[in-house]
Amino acid sequence: GGRRNIIINGAMQVAQRGTSSTGLGASSGYFTLDRFQTTFGSTAGRLTMSQVAVTDLPGFANALKLDCTTADTSIAAGENFRLQTLLEGQDLQQLKKGTSSAEKFTVSFYVKGNASATYMLELFDGDNSRHNTQQFAVTSSWNRISLTFAGDTTGAFDDDNAVSLYLNFWLHAGSTFTGGTYTANTWASNTNANRAVGISSFFDSTDRTLEITGIQLEVGEQATPFEHASSFGEELALCQRYYSREEAATGASYKRYAVGAWNSATAFECLIPLSTPMRSTPTLVATGTASNYAIYSANSVDALTGLVITNDADAGTDNRAVAIAVTTSSGGVAGEAGILLGNNNTTNFLALDAEL
């Protein structure tokens with residue numbers, strides 16, 4: 001029946017940023033598994049987020065695991081913690097939202113924790129500020145949760161590459177988000193007080209854990225068997241539309257990134273073609289400092305003093321290629337070729353970010 005699952009990386013296979021990140025809770029962002037971000041608000045709770053191996057759930061090899069490392073049992077009104085995945089409007093047109101033919105759709109996933117808990121799955125329409133919520137229960141064993149959401153005849157999703165739908169797993173919240181009324185599976189204009197009514201707190205104990213995998217969103221009232229990508233390569237390419245870690249030789253002392261040329265004695269420019277077109281013109285993320293990168297040319301290595309993305313269509317930057325301009329203190333010869341590389345460093349890397 002073609003690709004049914006609208007979720008990317010639902011089997012938790014791809015983790016370009018790394019397989020584990022500790023001390024999360026002070027700021028929001030993408031830290032480990034691709035397409036899944038953590039959003040925090042004013043909590044003192046902290047956690048570790050990891051990609052973990054699965055051995056007790058046939059058909060799945062990986063899961064996303066959250067492990068509470070600092071509890072927060074004094075919950076202020078505005079506190080919140082959500083695990084999210086964000087979807088582009090142009091990928092959601094088959095839901096027919098905002099029309100008289102609006103489709104019902106089903107979200108399913110496998111989940112377990114260290115003990116029983118109740119959390120909330122919220123579908124939040126960012127284009128029209130509308131939402132629909134349903135609670136789900138977690139036990140200490142793997143369970144498949146299946147939640148069918150009513151079609152919404154109010155408010156169409158924009159047909160573009162911006163975020164339209166947020167899948168929010170509410171795991172911790174204060175009274176600003178829990179003080180209202182829970183009405184299951186009903187689309188309504190956003191009321192913050194109704195978004196997480198009746199949930200447990202993930203930060204209630206340092207014993208608290210949560211594992212989740214096999215996330216699927218599909219049109220219809222029935223949760224069909226989880227649809228795996230045809231290959232790891234297909235899943236990786238879908239993730240690289242949003243984030244791409246650029247490194248030619250992982251762990252090498254001098255990673256080669258791109259070939260380019262000197263414009264002057266202190267300015268070098270190169271172009272990185274992208275194997276997968278990105279969602280939009282990406283931002284360059286360079287871990288470490290400029291001195292962790294260098295230009296190799298004429299049998300010498302020149303450390304960098306600057307590293308910036310050139311957002312100039314004439315220079316070749318768009319969602320299919322990235323032009324990088326670098327500066328050095330000296331060492332170049334205009335017109336001479338060179339290679340942008342890591343400067344005797346095995347841990348830093350370049351990445352391109354076009355996340356929602």
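Details of the structure are given in the entry above.
Values in this document were obtained by computation on a predicted structure and should not be read as measured data. (Residues numbered from 1 in each chain as written. Predicted model: local features only at pLDDT ≥ 70, side-chain atom pairs only at ≥ 80, totals over all residues. Heavy atoms only, no water.)

Engineer: Let's hear about the overall build of the protein: which residues, and what values?
Structural biologist: Of the regular secondary structure elements, the protein holds two helices and 21 strands. Against the 2.2 N^0.38 benchmark of 21 Å for 356 residues, the protein shows a C-alpha radius of gyration of 23 Å, consistent with a compact globule. Here the C-alpha coordinates of the protein stretch approximately 70 × 45 × 40 Å along the principal axes. Taking all 356 residues of the protein together, the buried fraction comes to 49%. With 21 positive and 33 negative side-chain charges, the protein shows a separation of 5 Å between the mean positions of the two kinds. (Helix = DSSP H or I, 4+ residues; strand = E, 2+ residues; numbered from the N terminus. Rg over C-alpha atoms; globule rule 2.2 N^0.38 Å. Buried < 20%, exposed > 50% of the residue type's maximum accessible area, 1.4 Å probe, protein only. Lys, Arg positive; Asp, Glu negative; His and termini not counted. Charge placed at Lys NZ, Arg CZ, Asp CG, Glu CD.)

Engineer: Break down the pairing of strand β4 (residues 62–70) for me, with residues and values.
Structural biologist: As paired elements, strand β3 (residues 46–53) and β4 share eight bridges and run antiparallel to each other. Across the sheet, the residue bridging to V52 is A63, located in β4. With four bridges joining them, β4 and strand β12 (residues 209–219) adopt antiparallel strand pairing. Across the sheet, K65 pairs through a bridge with E211, a residue of β12. (Pairing = 2+ DSSP bridges.)

Engineer: How would you explain helix α2 (residues 232–240) if you had to name every residue and give the values?
Structural biologist: The periodicity of an α-helix, 3.6 residues per turn, causes residues three or four places apart in sequence to face the same way. All buried positions along α2 are accounted for by E235, C239 and Q240. Down the axis of α2, the buried set is contained in an arc of 135 degrees. They therefore lie on one face. Contacts made by the buried residues of α2 are with β13 (243–246). (Arc of directions from axis to C-beta. Contact = heavy atoms within 4.5 Å.)

Engineer: Talk me through the sheet that holds β13; I want residue IDs and the actual numbers.
Structural biologist: Strand order in this open sheet of three strands is β13-β21-β16, and the pairing throughout is antiparallel. Of all the strands in the sheet, the pair left with one neighbour each is β13 and β16 (283–286). Taking the axes of each pair of neighbouring strands and ignoring which way they run, one obtains an average angle of 20 degrees across the sheet. Bridge count for β16 against strand β21 (residues 350–353) is four bridges, and the pairing is antiparallel. Bridge pairing in β21 links L284 to L352. (Axes fitted to C-alpha atoms, helices over the stretch in contact; angles between N-to-C directions.)

Engineer: How would you sum up the packing of aromatic side chains? Please name residues and give values.
Structural biologist: For any pair of aromatic rings, the description consists of the separation of the ring centres together with the inter-plane angle of the planes. The final tally for this structure, using the stated rule, is 15 aromatic pairs. Here a set of aromatic residues connected by ring pairs shows up, and it is made of F40, F81, F202 and F203. Above the face of the Y243 ring, R17 is positioned so that its terminal group lies 3.7 Å from the ring centre. The cationic tip of K97 hangs over the ring face of W187; the distance from NZ or CZ to the ring centre is 5.2 Å. (Phe/Tyr/Trp six-rings, centres within 6.5 Å; stacked < 30°, edge-to-face > 60°. Lys NZ or Arg CZ within 6 Å of the ring centre and 35° of its normal.)

Engineer: Pulling in residues and values, what's your account of the sheet that holds strand β9 (residues 143–149)?
Structural biologist: Taken together, the six strands give an open sheet; going across it, the order is β1-β3-β4-β12-β6-β9, and neighbouring strands pair in antiparallel fashion. Looking at the sheet topology across the chains shown, the edges are occupied by β1 (20–24) and β9. Adjacent strand axes in the sheet meet at a mean angle of 25 degrees when their direction is disregarded. Where β1 and β3 come together, three bridges link them in antiparallel fashion. Bridging from a neighbouring strand, L24 pairs with L47 of β3.

Engineer: Quick rundown of the pattern of salt bridges? Include the residues and the values.
Structural biologist: Throughout the structure, instances matching the rule amount to 14 salt bridges. Ionic pairing is found between E234 and R3, a salt bridge with its closest N-O pair at 3.7 Å. On the criterion of sequence distance, the pair formed by E234 in helix α2 and R3 in the segment before β1 is long-range, its members being 231 residues apart. In this structure, the salt-bridge partner of D125 is K97, at a minimum N-O distance of 2.7 Å. One end of the pair, D125, is in strand β7 (residues 117–125); the other, K97, is in the loop between β5 (80–88) and β6 (105–113), with 28 residues separating them in the sequence. On the accessibility criterion, D125 (0% relative accessible area) is buried. Through salt bridges that share partners, K97, D125, R130 and D152 make up one connected network. (Salt bridge = Lys/Arg side-chain N within 4 Å of Asp/Glu carboxyl O.)

Engineer: An account of the side chain of Q84 is needed here, citing residue identities and associated values.
Structural biologist: For Q84, the position within the fold is in strand β5. Residue classification places Q84 among the buried residues on the basis of a relative accessible area of 4%.

Engineer: With reference to specific residues and values, describe a nonpolar patch on the surface.
Structural biologist: Residues Y254, Y296 and V301 make up a contiguous nonpolar surface patch of about 240 Å² in total accessible area. Structurally, Y296 is set in strand β17 (residues 293–297). Accessibility expressed as a relative area gives 31% for Y296, which makes it partly exposed. (Patch = residues over 30% accessible without salt bridge, like charges linked within 9 Å, V, L, I, M, F, W, Y side chains within 5 Å. Areas by Shrake-Rupley, 256 points an atom, 1.4 Å probe, with all protein chains shown as cover.)

Engineer: Give me the lowdown on the environment of W142, citing residues and values where you can.
Structural biologist: Considering the arrangement of structural elements, one finds W142 in the loop between β8 (130–138) and β9. Note on W142: relative accessible area 13%, which makes it buried. Remark: the alpha-carbon pair of W142 and N292, spanning 150 residues in sequence, is separated by 44 Å. Residues in contact with W142, not counting those within four places in the same chain, are V54, D56, L57, A63, Y110, V111, K112, E211, I212 and T213.

Engineer: Give me unusual backbone geometry: which residues, what numbers.
Structural biologist: Phi is positive for S42, close to 60 degrees, though the residue is something other than glycine. Mapped onto the elements, S42 comes out in the loop between β2 (37–41) and β3. A relative accessible area of 67% places S42 in the exposed class.

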